[in-house]
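One-letter residues, chain by chain:
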Amino acid sequence: MALEETHVRRAAHLARLAVSDDQAKGFVDDLSQILEMVDQLQRVDTQGVTPLAHPLDATQRLRADEVTETDQRDHFQRCAPAVENGLYLVPRVVE
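Residues numbered from 1 in each chain as written. Predicted model: local features only at pLDDT ≥ 70, side-chain atom pairs only at ≥ 80, totals over all residues. Heavy atoms only, no water.

Asks: Can you walk me through the overall build of the protein in this structure?
Replies: Helix and strand counts for the protein stand at 3 helices and 2 strands. If you list the helices and strands of the protein from N to C, you get α-α-α-β-β. Taken over C-alpha atoms, the radius of gyration comes to 29 Å for the protein, far larger than the 12 Å a tight globule of 95 residues would show. For the C-alpha atoms alone, the extent of the protein along its principal axes is close to 70 × 45 × 20 Å. (Helix = DSSP H or I, 4+ residues; strand = E, 2+ residues; numbered from the N terminus. Rg over C-alpha atoms; globule rule 2.2 N^0.38 Å.)

Asks: I'm lost on the side chain of Gln77 in this one. Help?
Replies: Mapped onto the fold, Gln77 is located in helix H3 (residues 73–77). Within polar-contact distance, the side chain of Gln77 engages the backbone oxygen of Gly86 at 2.7 Å. The contacts of Gln77, once residues within four sequence positions are left out, are Val83, Gly86, Leu87 and Tyr88. (Polar contact = N/O pair within 3.5 Å; in protein donor to acceptor, adjacent residues only side chain to side chain. Contact = heavy atoms within 4.5 Å.)

Asks: I keep staring at the packing of helix H1 (residues 5–14) against helix H2 (residues 21–43) and nothing clicks. Help me out?
Replies: Direction vectors running N to C along H1 and H2 enclose 105°, while the axes themselves pass 9 Å from each other. One finds that H1 runs roughly perpendicular with respect to H2. Side by side, H1 and H2 meet where Glu5, Val8 and Arg9 of the first sit next to Asp21, Ala24, Lys25, Phe27, Val28 and Leu31 of the second. Class assignment for the residues of the contact of H1 with H2 results in 5 nonpolar, no polar and 4 charged. (Axes fitted to C-alpha atoms, helices over the stretch in contact; angles between N-to-C directions. Parallel < 35°, antiparallel > 145°, perpendicular 65-115°, else oblique. Nonpolar A, V, L, I, M, F, W, Y, C, P; charged D, E, K, R; others polar.)

Asks: Just to check I follow, could you spell out the pattern of salt bridges for this structure?
Replies: Pairing is possible between side chains of opposite charge, provided their charged atoms come close. Evaluation of the coordinates by the stated rule reveals 2 salt bridges. For the salt bridge of Glu5 with Arg9, the shortest nitrogen-to-oxygen distance reads 3.3 Å. One end of the pair, Glu5, and the other, Arg9, are both in helix H1, 4 residues apart, so they sit about a helical turn from each other. Taking relative accessible area as the criterion, Glu5 reaches 27% and is therefore assigned partly exposed. Among the residues examined, Arg9 registers a relative accessible area of 32% and is labelled partly exposed. (Salt bridge = Lys/Arg side-chain N within 4 Å of Asp/Glu carboxyl O. Buried < 20%, exposed > 50% of the residue type's maximum accessible area, 1.4 Å probe, protein only.)

Asks: In this structure, what is going on with the nonpolar core? I would like to understand it.
Replies: Across soluble globular proteins, nonpolar side chains have a tendency to be buried as a group. Counting residues in hydrophobic clusters, the biggest one holds 6 residues: Leu3, Val8, Ala12, Val19, Ala24 and Val28. Those elements that provide at least two residues to this core are H1 and H2. The contact partners of Ala24, leaving out residues within four places of it in the chain, are Glu5, Val8, Arg9 and Val19. (Core = buried A, V, L, I, M, F, W, Y, C linked by side-chain atoms within 4.5 Å.)

Asks: Quick question: what am I supposed to make of the environment of Asp74 here?
Replies: Following the sequence through the fold, Asp74 ends up in helix H3. The class for Asp74 is exposed, based on a relative accessible area of 56%. For the pair formed by Asp74 and Gly86, sequence separation is 12 residues and the distance between their alpha carbons is 7.9 Å.

What follows is the structure, given as structure tokens:
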């Protein structure tokens, strides 16, 4: 598929980008080169090539799920201007 200036303008419109005439012409060349490279990559024969490692295959080392901090809610709520039933009361911001 040959990329034309109308395609670039349409993509810019959908992305809500302002593109001048000079920029659109430049983008046609740049994007055409990118699409040509993608076509080259798709033509490469990868039959029999083992896939590389994938990060989702790895197992993450996780720390133990232990409580490391003590409950200090009462201490912190003592300096709050308004508290009720363990919750901070704040002024209404949305009507």
